[in-house]
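# Commentary on secondary and tertiary structure
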Amino acid sequence: MIAELRERVSCPVLAPEDPGFGEVRAVFNAMHPGDPSLVVSCFGTADVVDAVTFARDNGLAMSVRGGGHSIAGLSASDSCMLIDLAPMHAVQVDAAARLARVQGGAVWADVDRETQAFGLATPGGVVSDTGVAGLTLGGGYGWLRRKYGLAADHLLAAEVVGPDGQVRIASENENTDLLWALRGGGGNFGVVTWFTFALEEVGPTVAFGGTFYPIEEAAQVIRGWRDYVAIAPDEVTATCLTITMPADPELPEAVHNRACVVIGAVYSGGADAGMDILRPLRELGTPLMDMSQPMPFTAVQQGFDAFFPRNTLQAYWKSRYLSSLSDEAIDFVAARALDRPSPFTLVNLFHMGGAIAAVAPDATAFAQRSSPFLLSIDGNWTEPADNDANIAWVRRTFQESANYGDDGVYLNFTGRSEEPPDVAMDSAFGANLRRLAEIKAKYDPTNMFRSNNNITPAPN
Ligand SMILES: Cc1cc2nc3c(=O)[nH]c(=O)nc-3n(C[C@H](O)[C@H](O)[C@H](O)COP(=O)(O)OP(=O)(O)OC[C@H]3O[C@@H](n4cnc5c(N)ncnc54)[C@H](O)[C@@H]3O)c2cc1C
């Protein structure tokens, strides 16, 4: 059977006994490495067509891997045919038209490198090793989010291989319902082989704020951050995270093995003016380390990469949008940041609003746009023996955070759920879920693409 597929495609098709089988791009979450029965490492759209057709004809379950950063291990299913897009990472920039065409297996580092050669960028994530595909299809927040919105908001068109093996273009002119769904509705509608993004003028140098305060000052620092962002212009995107720093000889000793509350910020405008505007964020407490400076945008995009190596950490994350950030909520976050069970665990507060909120909730599949804050509880640890304790801590922290507001969840920051799937889907998509189910029924009526945050096709 595999021989037939090998004859059709131009790329490697590997079974577990084949050399190189274990060398397919590793996933981030070591807790969900996946155990596929077949890997097709596609070189282009035609290989994807052949792989999907073969899976359909032979009744094989499929899993699609872009960057492999799914926290829930959605691109790492067992006993499936894995469509691995790692070789498909080309990026083509049309600077005059301010467009980038990006293949389905690219990571953000690929995009930033090519677009920044022209002083252009599109909103991505804050770790350059994250896949463009999963992040964009699920929404996508990064350092440009308040000025330019979500990654999905800059998605102008996509080439999609459907379960029938058909290649469709989704754009403002063709299959407009499919484009609407791809802007936040996840990997439910087929394999995206090419994305077309709008580009903005960014950098190449931007103002970056990165100030590390002692964790004991968290309540004071977060209050100051909240008050600052309430009046900050949309050019400012600021995030507050709590993390324990490594004893890296390149870092000042003051932060070695030290739990810190970090204020990270980017100003999307002139770098000099930006440094002035970000200054108050550097004066919220007693800094242990201050990395704030004008910085190449590509360096900002890679600034957090070292904290997230592939196939090293066990990970279980949960997130919750908050409509406000009361003093009580801040005290809760500060207390939880202090009792993290693992030094690799982060408790993050993202400031939203700006361009995100300027798009109507039904204009794209991505519904949650009004909340000014997102709390993300990122449980990361090294030892599988500690799984239960760490997962329990994340769940408890998540449940208790409901006392401070509950505007729904961000599916891209969600580990394997203990809840029935439709609870999370309702929470994420709200009133858009019905239309998504109809579009799913049109493009994937038998739910062949189901290793994702799955939308059940609407009944006929
Ligand atoms: C270290 C780390 C940092 C992160 N930082 C951010 C951040 O700054 N902002 C943010 O918004 N999110 C962030 N995320 C979350 C991230 O957006 C999601 O995990 C996202 O799913 C990752 O995309 P991927 O392509 O790497 O994932 P994969 O694991 O490859 O895939 C995830 C899902 O997308 C589907 N998929 C992948 N490729 C395709 C394709 N070409 N066509 C159709 N479906 C496809 C898969 O089937 C799966 O369901 C981060 C995650 C990690 C682990």
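Fair warning: this is a prediction, and the values are worked out from it, not measured in the lab. (Residues numbered from 1 in each chain as written. Predicted model: local features only at pLDDT ≥ 70, side-chain atom pairs only at ≥ 80, totals over all residues. Heavy atoms only, no water.)

Glancing now at the site of the ligand. Surrounding the ligand, one finds 35 residues, the nearest of these being G66, G68, S75, Y141 and Y410. Protein burial of the ligand: of its 950 Å² of free accessible surface, 97% is covered by the chains. Sorting elements by how many residues they give to the shell around the ligand places helix α4 (residues 132–137) first, with four residues. The residue makeup of the shell around the ligand, split by class, is 17 nonpolar, 17 polar and one charged. (Near = heavy atom within 4 Å. Areas by Shrake-Rupley, 256 points an atom, 1.4 Å probe, with all protein chains shown as cover. Helix = DSSP H or I, 4+ residues; strand = E, 2+ residues; numbered from the N terminus. Nonpolar A, V, L, I, M, F, W, Y, C, P; charged D, E, K, R; others polar.)

Mapped onto this numbering, the UniProt entry gives "domain: FAD-binding PCMH-type" (unreviewed entry) at residues 31–202. Taken end to end, residues 31–202 is 23% helix and 26% strand, and its two terminal C-alpha atoms sit 37 Å from one another. (UniProt positions renumbered as here; feature names shortened; annotations may be inferred.)

Attention now goes to the state of the cysteines. Summed over the entire model, instances satisfying the criterion amount to zero disulfides. Free cysteine: C240, not disulfide-bonded; nearest cysteine sulfur from C260 at 12 Å. The class of C240 is buried, set by a relative accessible area of 1%. (Disulfide = S-S within 2.5 Å. Buried < 20%, exposed > 50% of the residue type's maximum accessible area, 1.4 Å probe, protein only.)

One can find G285 in the loop between α8 (271–278) and β15 (289–290). Classification of G285 as partly exposed rests on a relative accessible area of 24%. Once you skip the residues sitting within four places of it in the chain, G285 turns out to touch Y213, E217, Q220 and V221. (Contact = heavy atoms within 4.5 Å.)

Turning next to the nonpolar core. One finds L182, I222 and W225 to be the most contacted residues of the largest nonpolar core, which totals 78 residues. In terms of residues, this core owes the most to one element, helix α7 (residues 218–231), which gives six residues. Each of two domains, domain 2 (91–202) and domain 3 (205–413), supplies a minimum of three residues to this core. Sequence-distant contacts of W225, defined by excluding residues within four places in its chain, comprise A238, T239, C240, I263, L281, L284, L325, L349, F350, H351 and F373. Membership of the second largest hydrophobic core comes to 40 residues, among which are Y141, A152, F208 and V255. (Core = buried A, V, L, I, M, F, W, Y, C linked by side-chain atoms within 4.5 Å. Domains from an automatic or database assignment.)

Turning our eyes to something else, we now look at α8. Along α8, the residues classified as buried are A271, G274, M275 and L278. In a view along the axis of α8, the buried residues occupy a sector of 105°, so they form one face of it. In α8, the exposed positions angled more than 90 degrees off the buried face are occupied by D272 and D276. Where α8 is buried, its residues touch β12 (205–214), α7, β13 (236–244), β14 (259–267) and β16 (293–296). (Arc of directions from axis to C-beta.)

Inspection of the secondary structure puts A247 in the loop between β13 and β14. Looking at A247, the relative accessible area reads 43%, which means it is partly exposed. Excluding its chain neighbours within four sequence positions, the residues that come into contact with A247 are H256 and N257.

Our next topic: the pattern of salt bridges. Summed over all chains, the structure comprises 22 salt bridges. When the shortest N-O distance is used, the salt bridge between D331 and R223 registers 3.1 Å. Of this pair, D331 sits in helix α10 (residues 327–338) while R223 sits in helix α7, placing them 108 residues apart in sequence. Members of the salt-bridge network, linked through shared partners, are R223, R226, D227, D327 and D331. (Salt bridge = Lys/Arg side-chain N within 4 Å of Asp/Glu carboxyl O.)

Attention now goes to the sheet that holds strand β3 (residues 62–65). With mixed pairing, four strands are arranged side by side in an open sheet as β1-β2-β4-β3. Only two strands of the sheet have a single neighbouring strand rather than two, namely β1 (13–14) and β3. With two bridges connecting them, β1 and strand β2 (residues 38–41) associate as antiparallel partners. In the sheet register, V13 faces β2, and the bridge partner there is V40. Sheet strands in contact with helix α2 (residues 45–57) are β2, β3 and β4 (81–84), and its direction is about 165° off that of β4. (Pairing = 2+ DSSP bridges. Axes fitted to C-alpha atoms, helices over the stretch in contact; angles between N-to-C directions.)

With that settled, the discussion passes to the sheet that holds strand β10 (residues 191–198). If you walk across this open sheet you meet the five strands as β5-β6-β10-β8-β9, and the pairing is antiparallel. The outermost strands of the open sheet, each flanked by one partner alone, are β5 (91–94) and β9 (167–170). Each strand axis lies, on average, 15° off the axis of its neighbour in the sheet, ignoring direction. Bridge count between strand β8 (residues 155–161) and β10: six bridges; the pairing is antiparallel. Each bridged residue has a counterpart across the sheet, and for V161 the counterpart in β10 is V191. The strands touched by helix α3 (residues 108–116) are β5, β6 (99–103) and β10; relative to β5, the strand with the most contacts, the crossing angle is about 30°.

Cis geometry marks the peptide bond from G203 to P204; its omega dihedral reads 10°. Here the phi dihedral of N311 falls at roughly 55°; this positive angle occurs in a residue that is not glycine. The class for N311 is partly exposed, based on a relative accessible area of 45%. Phi angles above zero are rare outside glycine, and N447 is one such case at about 60°. Here N447 is to be found in the segment after α13 (432–443).

Looking now at the environment of S41. Along the chain, the position of S41 falls in strand β2. For S41, a relative accessible area of 11% corresponds to the buried category. For S41 and C11, which are 30 residues apart along the polypeptide, the C-alpha to C-alpha distance reads 6.1 Å. Apart from residues no more than four positions distant in its own chain, S41 is found in contact with C11, P12, V24, D84 and P87. At a separation of 2.7 Å, a polar atom in the side chain of S41 contacts the side chain of D84. (Polar contact = N/O pair within 3.5 Å; in protein donor to acceptor, adjacent residues only side chain to side chain.)

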